[in-house]
Amino acid sequence: MMAPVAPRVGVLAVQGDVREHRQALESLGATVVPVRRPGELHGIQGIVIPGGESTVIDKLLRSFELFEPLQEALRAGLPAYGSCAGMILLADRIVDGTADQQTLGGLDITVRRNAFGRQVDSFEQDLRYAGWADPVRAVFIRAPWVERVGERVEVLAEVVSGATAHPVAVRQGALLATSFHPEVTGDHRVHGHFLDLLAEHT
Ligand code: GLN
């Protein structure tokens, strides 16, 4: 039998914690392609959009002439995983974005930017993640939460605050997003989940 071919996964490398995502994906056997130019989108089977600052990533995407090609690739079905700022970029709608902030979109969700940050900048919590026996250690850094989800969106994890549960991990088809940063904990199950989705959709 032939060994399975390693998936080629892009990591958007214009700003944010690119290196940690690269390490997580490589530890799972993926071949990682840093994406800074439109041509680097060719031949990848999925893309990770790291955390960082969504307004800055948005501006850099436009100045690198990557915004439209990446948006087209997503519309054509390129699987994607967005963490934190990456979740904001994959969301169809933002609350508390800057006036000129755009998103790539794809996920039928409304995210609230810096949602937890009004009370506290950063925190960690163990969360249940759909389908997993063991909780995931979720690290939140000026994180968004999901305020509304469309019908086709599956909620994978939530943070409960008072009487309200805020989704912080969601999936729609082969688009996955988390408000938190699994790439900083050494627990690579979220990246593994993304590689599974990518294999199913390729
Ligand atoms: N607050 C940031 C934003 O709006 C996201 C923070 C993060 O990615 N850690 O993009």
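The structure this text deals with has already been given above.
Below, the structure is looked at part by part. In this text the structure is predicted, and so the values were computed from the model without any measurement.

Attention now goes to the overall build of the chain. When helices and strands are counted, the chain shows five helices and 12 strands. Since a compact globule built from 202 residues should have a radius of gyration of about 17 Å, the 16 Å found for the chain is in line with a globular shape. When the backbone C-alpha atoms are referred to their principal axes, the chain occupies close to 50 × 40 × 30 Å. Per-residue burial for the chain yields a buried fraction of 51% across its 202 residues.

So, on to the environment of Asp100. Within the element layout of this structure, Asp100 appears in the loop between strand E5 (91-95) and strand E6 (107-112). For the pair formed by Asp100 and Asp58, sequence separation is 42 residues and the distance between their alpha carbons is 9.7 Å.

Turning our eyes to something else, we now look at the site of the ligand. Around the ligand sit Gly51, Gly52, Glu53, Ser54, Cys84, Ala85, Ile88, Arg113, Asn114, Ile141, Arg142 and His181, and that is every residue in its neighbourhood. Asn114 is positioned with one of its side-chain polar atoms (N or O) 2.6 Å from a nitrogen atom of the ligand. Summarising the interface, the protein chains cover 96% of the accessible area of the ligand, which totals 290 Å² for the free molecule. Its residues assigned to classes, the shell around the ligand shows four nonpolar, five polar and three charged.

Attention now moves to the sheet that holds strand E11 (residues 164-172). Pairing is mixed across the open sheet formed by seven strands, whose spatial order is E2-E1-E3-E4-E12-E11-E10. Looking along the sheet, the strands with just one partner apiece sit at the ends: strand E2 (31-35) and strand E10 (154-161). Shown here is a sheet whose adjacent strand axes are inclined to one another by a mean of 20 degrees, direction ignored. Alignment of strand E1 (residues 8-12) against strand E3 (residues 46-49), held across three bridges, turns out to be parallel. Each bridged residue has a counterpart across the sheet, and for Val11 the counterpart in E3 is Val48. Across the sheet, helix H5 (residues 189-201) touches E1, E3, strand E4 (80-83), E10, E11 and strand E12 (175-178), and the angle it forms with E12 is around 170 degrees.

The biggest cluster of nonpolar side chains holds 33 residues, and the ones touching the most others in it are Leu127, Tyr129, Phe140, Val168 and Phe180. Sorting the residues of this core by element identifies E1, helix H1 (18-27), strand E7 (122-127), strand E8 (136-141), E10, E11 and H5 as the ones contributing at least two each. Among the elements that make up this core, the one with the highest residue count is H5 (five residues). Discounting residues that sit within four places of it in the chain, Phe180 has contacts with Tyr81, Ser83, Cys84, Leu127, Val136, Ala138, Val139, Phe140, Val168, Ala169 and Val190.

Here we come to the sheet that holds E6. Spatial strand order, E5-E6-E9: three strands in an open sheet with mixed pairing. Pairing within the sheet leaves two strands with one partner each, and these edge strands are E5 and strand E9 (145-149). Mean inter-strand twist for the sheet, computed between neighbouring axes without regard to direction, equals 30 degrees. Pairing analysis gives four bridges linking E6 to E9, with the strands arranged antiparallel.

Attention now goes to helix H3 (residues 67-75). Listed as buried for H3 are Phe67, Leu70, Gln71 and Leu74. For H3, the angular spread of buried residues about the axis comes to 100 degrees, placing them on one side. Relative to its buried face, H3 has exposed residues pointing more than 90 degrees away, namely Glu68 and Glu72. Against E1, E3, helix H2 (54-63), E4, helix H4 (85-90) and E12 lie the buried residues of H3. Backbone geometry just downstream of H3 places Gly77 in the positive-phi region, at approximately 110 degrees.

Counted residue by residue, E1 has four buried out of five residues, so it is predominantly covered. Alignment of E1 against E2, held across five bridges, turns out to be parallel. Among the inter-strand pairings, Val11 is bridged to a residue of E2, identified as Pro34. For the handedness criterion, the β-α-β arrangement of E1, H1 and E2 is classed as right-handed.

Cut-offs and rules
Each chain has its residues counted from 1, following the order in which its sequence is written. Only residues with pLDDT of 70 or above have their local features reported here, since the model is predicted, and side-chain atom pairs are shown and tallied only from 80 upward, although totals for entire chains, interfaces and linings are computed over all residues. Computation of side-chain values covers all heavy atoms of the structure but excludes hydrogens and water. Only DSSP runs of H or I with at least four residues qualify as helices, and only runs of E with at least two residues qualify as strands; both kinds are numbered from the N terminus onward. For the radius of gyration, the atom set is restricted to C-alpha positions; the globular benchmark scales as 2.2 Å times the number of residues to the power 0.38. For every residue, the accessible area obtained with a 1.4 Å probe (protein chains only) is divided by the maximum for its type, and the residue is called buried under 20%, exposed over 50%, and partly exposed between those limits. Summary of the distance rule: residues count as near a molecule or strand when at least one heavy atom falls within 4 Å of that molecule or strand. Whenever two N or O atoms come within 3.5 Å, that pair is a polar contact, provided that in protein one can donate a hydrogen and the other can accept it, and provided that, for residues adjacent in sequence, both atoms are side-chain atoms. In these tables, accessible area is a Shrake-Rupley quantity obtained with a 1.4 Å probe, and a residue counts as shielded only by the protein chains included in the view. Any residue outside Ala, Val, Leu, Ile, Met, Phe, Trp, Tyr, Cys, Pro, Asp, Glu, Lys and Arg is labelled polar, Gly included; the first ten of those are nonpolar and the last four are charged. Strand pairing follows a simple DSSP-based rule, namely that at least 2 bridges must link the two strands. Only C-alpha atoms enter the line fits that serve as axes; for helices the fit covers just the stretch in contact. Angles between N-to-C directions range over 0 to 180 degrees. Residues count as neighbours in contact if any of their non-hydrogen atoms are within 4.5 Å of one another. Among the buried residues, those of types Ala, Val, Leu, Ile, Met, Phe, Trp, Tyr and Cys that are joined through side-chain atoms within 4.5 Å form a nonpolar core. In this description, one arc is meant: the one made by directions from the helix axis to the C-beta atoms. Whether a crossover is right-handed depends on one test, that the path from the first strand over the helix to the second runs clockwise when the strands point away from the viewer.

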